[in-house]
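Structural features, examined
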Amino acid sequence: MSVPVTGRASAHAGKSIWHAAWLPPAAFRELGSRPVLVHGEGLLVDTVLDEVSRACARYGGRVWHGPPWQVDADLVLALREAGRVPNVAAESARLGATPAVNGAGDGALGDEGYLLARVDGVTVVLADAPAGLLYGMFHVVRLGAAAFDDELPARRHRPALDRRMLDHWDNVDVHPVSGQVERGYAGGSLFWRDGAARHDHARLRDYGRLLAACGVNAITVNNVNVHDTEARLLTDRLGDVAEIAQVLRPYGVRVHLSVSFAAPVVLGGLPTADPLDDRVRAWWAAATRRVYQRIPDFGGYLVKADSEGRPGPFAYGRDHADGANLLAEALAPHGGVVRWRAFVYDHRQDWRDRSTDRARAAHDHFAPLDGRFDDNVILQVKFGPIDFQPREPVSPVLAAMPATRLAVELQATQEYTGQQRHVCYLGPWWSEVLRFRPRGEAGGTIADVAAGRAGAGGGLVAVANVGDDPFWTAHPLAQANLYAFGRLAWDPLLVPGAILDEWIDLTWLPVATGDPETVRRTMHAIMDDSWRTYERYTAPLGVGFMVRPGHHYGPDVDGYEYTPWGTYHFADRDGVGVDRTRATGTGFTGQYPPPWSEVYESRERCPDELLLFFHHVPYRHVLHSGRTVIQHIYDTHFAGVEEVAAMRERWRLVAGAVDPAVHDRVAERLDEQFRSAVEWRDQINTYFFRKSGVPDAHGRRIH
Ligand code: GCV
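Residue numbers restart at each chain and count upward from 1, following the sequence in its written direction. Selection of residues for local features in this predicted model requires a pLDDT of at least 70, selection of side-chain atom pairs for listing and counting requires 80 or more, and totals for whole chains, interfaces and linings are taken over all residues. As a rule here, side-chain values cover all heavy atoms of the structure and leave hydrogens and water aside.

**A short note on the overall build of the protein**
From N to C terminus, the protein includes 21 helices and 22 strands. Its C-alpha atoms give the protein principal-axis dimensions of about 80 × 65 × 55 Å. Classification of the 703 residues of the protein by burial places 63% in the buried group. Two residues form a contact once any of their heavy atoms are found within 4.5 Å. Counting only contacts in the protein whose residues sit at least 6 apart along the sequence, the fraction spanning at least 24 positions is 71%. Surface exposure of the protein reaches about 25000 Å², of which carbon and sulfur atoms provide 51%. We score Asp and Glu as negative and Lys and Arg as positive, and we do not count His or the chain ends. For this purpose, a charge sits on NZ of Lys, CZ of Arg, CG of Asp or CD of Glu. One way to put it: in the protein the 75 positive side-chain charges average out to a point 1 Å from where the 88 negative ones average out. Numbering goes from the N terminus for both helices and strands, where a helix is a DSSP run of H or I of at least four residues and a strand is a run of E of at least two. Three labels apply to residues, based on accessible area from a 1.4 Å probe with only protein chains included: buried if under 20% of the type maximum, exposed if over 50%, partly exposed otherwise in between. Per-residue and other accessible areas follow the Shrake-Rupley method at a 1.4 Å probe size, with only the shown protein chains counted as cover for residues.

Okay, here's the thing in structure tokens:
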């Protein structure tokens, strides 16, 4: 027998009903069945108290907050500064806290950190600020029974990155082309519907919980493509933004807004948006002041400028530093930041022109501006030089701007990775990116770049993958991407398989029936390698795209080949790939520092998985794997489809052990994934067989 995943219906009739994702009430069973003491004051301490109280009401525990104290608590959650804790073990932990974590540095816990220990039979979470207490409480939830078993030596936990953010590409109006959520695959928006705010506070609050439980502390509430109605969120629709901020604040999530660079013209009636014009500067200063009057902890602005048709400083003969600094100046007095996107390229390129290379664009535009940005400007850089492909090299911009605060942008919404119809666990891909060392083994990682000096970096950002779908992400297994994003932003060194374990433990096991270990094994078997499986049956060896133009779902090998978008593969009868070398190609390899400038330049040294990103090679070129390029294409495409078939079979095994509604949804998506993978395999294999004339060494069917 299976039980339904416990979800919640909104208090407001007619609003959404949703599943509990990684916080079903049963995930709180261990915490909620004990005597718990919460010590301290503050909005986020109230959130902790509320969470603990609800869990205790459900599972028979008891909670104390202030006298009269019960001193036999199993769990103490306390702010260090709140003073003496009436529990001997907890009090000695409090007094000993700083020395106990001295090995990890200065002993400070910071705004979001906490100390966790189990001493003398009491589990203790200590924090210096309320947000730390909230994150510490969710750590206890993650540990489950293990939080109360053996002694746990005192350990300090602090986020590696201060800024851990999700960007929603949500529109207020339903856009005629991009819909309610641009590149959204999980239904409508959590914030907006048909031109108005949804006011679905219960669901928003639950969203805040999910974010806090994985460590996300900031969001942008509207699309970077700011259309007319959305532009007004900055002015006459600001109340809607303030309302979202208010609902999310108790979970430590700060709200940001995407703004239009042309706002002084379209909203303010000025004749210009020139960043050096005093009227423009005054307009931004006044608009920003009004924002902070309504939302004192407002995070700042996100801007897509001079990119894919959005307005920007180029119209006035100014550069991106002029543009970003204009907004930075308005935000600085209030402690806000401007997040300026580096996704700038020519989307009206002539495909005949072999000298223009989209991969070069961000570095060409931004690297010369290093050092020119104000302190509160964060340059937000897509992790790869093109556009969130399943395989790309890491963007060279991330190694080129040491005097600029840089944020790394990922895409949780699966625009190019199966659109939440395919299982594609992105944790391993993101982990690889974050661990990459752009200056070689002796240098720092991409995670270090995002952390910045003394924590002043721009952090990690992902384009959000949730919507008003009952399962949040439409494909229930895509929730793992959101969870993994938050956890990697907190600690980029976490191992993706271990993150998956956490997510399984929180989401599936508390409500699984029968044999939870089979559920765990099945999830791992399906998800661990699912990104590589996806890579196998789609565009080969890092060449990218080959998706259907416009919606970007499914194969269309030449779909973008003769278009202005700059995403070409250059396949002909002899070979395939883009020559980006300095010797004979676009020179893009020269944007990397050594050793990668040399590694990528060399056909022999270039890693197989990126070969066609950097080189145009004959079909019979032999890879490091020992296979020819053409045979690799055939083999991986056949293998990818077989792997999806195996996923489908595995999923059938857990049919009675998980909520039937979830099981059905995943099963239906796996059917579609299989259909789509077969289509990819057949189109890619047929295309390259026809181009090359080289038969498959194993004589398999190619059309
Ligand atoms: C929000 C890609 C997507 C666009 C997106 C753009 C961006 O081009 O297809 O939908 O626009 O990236 O990141 O700004």
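**Here's the deal with unusual backbone geometry**
Residue Pro595 is bonded to the preceding Pro594 through a cis peptide linkage, with omega at 5°. Here Pro595 shows up in the loop between strand S21 (575-576) and helix H18 (596-601). Phi at Gln419 is positive, roughly 50°, even though this residue is not glycine. On the basis of relative accessible area, Gln419 is assigned to the buried category, the value being 4%. Its identity as a non-glycine residue notwithstanding, Trp472 has a phi of 70°, on the positive side. Note that Trp472 resides in the loop between strand S20 (459-463) and helix H14 (479-490). Given the relative accessible area of 2%, Trp472 is considered buried.

**Digging into the packing of aromatic side chains**
Centre distance within 6.5 Å is the pairing criterion for rings of Phe, Tyr and Trp, where only the six-membered ring of Trp is used; planes under 30 degrees apart are then read as stacked, over 60 as edge-to-face, and the remainder as tilted. In total, this model carries 34 aromatic pairs according to the counting rule given. Judged by centre distance (4.2 Å) and plane angle (10°), the rings of Tyr600 and Phe614 are stacked. Taken together, the positions of Tyr600 in helix H18 and Phe614 in helix H19 (residues 611-614) put the pair 14 residues apart, joining distant regions of the chain. The exposure classification of Tyr600 matches that of Phe614, with both residues buried. Put simply, the rings of Phe436, Phe588, Tyr592, Trp596, Tyr600, Phe613 and Phe614 touch in pairs and so form one group of aromatic residues. Cation over ring: Arg358 sits above Tyr345, and NZ or CZ is 3.8 Å from the ring centre. We count a charge as sitting over a ring when the NZ of a lysine or the CZ of an arginine lies within 6 Å of the ring centre and within 35 degrees of the ring normal.

**Re the sheet that holds strand S5 (residues 75-79)**
Here 6 strands make up an open sheet; going across it, the order is S4-S3-S5-S7-S6-S8 and the pairing mixed. The open sheet has two edge strands, strand S4 (62-64) and strand S8 (152-157), and neither has a second partner. Across the sheet, the mean angle separating the axes of adjacent strands is 10° when strand polarity is ignored. Summarising the sheet, strand S6 (residues 114-119) and strand S7 (residues 122-127) pair through 6 bridges and their orientation is antiparallel. Paired with Tyr114 across the bridge in S7 is Ala127. Of the strands in this sheet, strand S3 (35-39), S5, S6, S7 and S8 are in contact with helix H4 (residues 130-143), which crosses S6 at around 45°. At least two DSSP bridges between two strands are needed for those strands to be called paired. For every element, the axis is a line fit to its C-alpha atoms; helices are fit only across the contacting stretch, and the angle between N-to-C directions ranges from 0 to 180 degrees.

**Notes on the site of the ligand**
One heavy atom suffices: a residue is near a molecule or strand as soon as one of its heavy atoms comes within 4 Å of it. Neighbouring the ligand are 15 residues, the closest being Glu182, Lys304, Arg341, Lys382 and Glu415. A distance of 2.9 Å is found between an oxygen atom of the ligand and a side-chain nitrogen or oxygen belonging to Arg183. Counting of polar contacts relies on pairs of N or O atoms within 3.5 Å, with two restrictions inside protein: one atom must be capable of donating a hydrogen and the other of accepting it, and residues adjacent in sequence are counted only when both atoms are side-chain atoms. Measuring from an oxygen atom of the ligand, one finds a side-chain N or O atom of Asp387 at 3.1 Å. A total of 340 Å² of accessible area belongs to the ligand in isolation, and the protein chains cover 96% of it. Classifying every residue of the shell around the ligand gives 4 nonpolar, 3 polar and 8 charged. Any residue that is not Ala, Val, Leu, Ile, Met, Phe, Trp, Tyr, Cys, Pro, Asp, Glu, Lys or Arg is counted as polar, Gly included; the first ten are nonpolar and the last four charged.

**What to know about helix H5 (residues 201-214)**
The α-helix advances 3.6 residues per turn, and as a result positions three or four apart in sequence lie on the same side. Multiply 1.5 Å by the residue count of a helix minus one, and that product is the helix's expected span. With 14 residues, H5 ought to run about 20 Å at 1.5 Å a step, and its terminal C-alpha atoms sit 20 Å apart, in line with that. Taken across its 14 residues, H5 has 11 buried, putting it largely inside the fold. Along H5, the positions that sit buried rather than exposed are Arg203, Leu204, Asp206, Tyr207, Gly208, Arg209, Leu210, Leu211, Ala212, Ala213 and Cys214. Directly after H5, the chain includes Gly215, whose backbone phi takes a positive value near 105°.

**Description of the nonpolar core**
Among the nonpolar cores identified, the biggest contains 203 residues, and Trp22, Trp284 and Trp340 are the most heavily contacted of them. Of all the elements, helix H20 (residues 629-653) adds the most residues to this core, at 9 residues. Only buried residues count toward a nonpolar core. Its members are Ala, Val, Leu, Ile, Met, Phe, Trp, Tyr and Cys residues joined through side-chain atoms within 4.5 Å. Counting residues in hydrophobic clusters, the runner-up holds 15 residues, among them Ala73, Ala89, Val122 and Leu126.

**A look at the environment of Asp228**
Checked against the element boundaries, Asp228 lands in helix H6 (residues 228-231). Residue Asp228 is classed as exposed on the basis of its relative accessible area, which comes to 66%. For the pair Asp228 and Val172, spaced 56 residues apart in sequence, the C-alpha to C-alpha distance is 9.6 Å.

**Considerations on the environment of Trp508**
Along the chain, the position of Trp508 falls in the loop between helix H15 (496-507) and helix H16 (516-527). Those residues within four positions of Trp508 in sequence are excluded, and the remaining contacts are Leu477, Trp503, Val519, Met523, Trp651, Val658 and Val662.

**What to know about helix H17 (residues 530-537)**
The buried fraction of H17 is high, at 6 of 8 residues. For H17, the set of buried residues is Ser530, Trp531, Thr533, Tyr534, Glu535 and Tyr537. The elements touched by buried residues of H17 are helix H12 (427-435), H16, H20 and helix H21 (660-692).

**So, the sheet that holds strand S14 (residues 218-220)**
Taken in spatial order, the 8 strands close into a barrel running S9-S14-S15-S16-S17-S18-S19-S20, and their pairing is parallel. Pairs of neighbouring strands in the sheet enclose a mean axial angle of 25°, with direction left out of account. Two elements, strand S16 (residues 300-303) and strand S17 (residues 337-341), share 4 bridges in a ladder whose sense is parallel. Within S17, the residue paired with Val303 across the bridge is Trp340. Those strands touched by helix H7 (residues 238-248) are S14 and strand S15 (254-258), and its axis lies near 155° from that of S15.

**Some remarks on the packing of helix H9 (residues 278-294) against helix H10 (residues 320-331)**
Between H9 and H10, the shortest axis-to-axis distance is 8 Å and the interhelical angle comes to 45°. What the angle tells us is that H9 and H10 run oblique. The way H9 lies across H10 gives a crossing that is right-handed. Here Val280, Arg281, Trp284, Ala285, Thr288 and Tyr292 of H9 come into contact with H10, specifically with Leu326, Leu327, Glu329, Ala330 and Leu331. Here the residues of the contact of H9 with H10 sort into 8 nonpolar, 1 polar and 2 charged. Throughout this description, any angle smaller than 35 degrees is read as roughly parallel, any larger than 145 degrees as roughly antiparallel, any in the 65 to 115 degree range as roughly perpendicular, and the remainder as oblique. Each crossing is labelled by how the near helix is turned from the far one, with a counterclockwise turn of less than a right angle marking it left-handed and a clockwise turn marking it right-handed.

**Focus on the pattern of salt bridges**
Within this document, salt bridges are pairs made up of a side-chain nitrogen of Lys or Arg and a carboxyl oxygen of Asp or Glu, the two lying within 4 Å of each other. In the structure shown here, the tally under the stated rule is 51 salt bridges. Arg582 is paired through a salt bridge with Glu598; the nearest N and O atoms lie 3.3 Å apart. Of this pair, Arg582 sits in the loop between S21 and H18 while Glu598 sits in helix H18; the two residues are 16 residues apart in sequence, bridging distant segments of the chain. Through salt bridges with shared partners, a single ionic network connects Arg391, Glu432, Asp529, Arg532, Glu535, Arg536 and Glu643.

**Brief notes about the side chain of Ser307**
Checked against the element boundaries, Ser307 lands in the loop between S16 and H10. Overall, Ser307 belongs to the buried group, its relative accessible area being 1%. Setting aside chain neighbours within four positions, we find Ser307 in contact with Phe343 and Val344.

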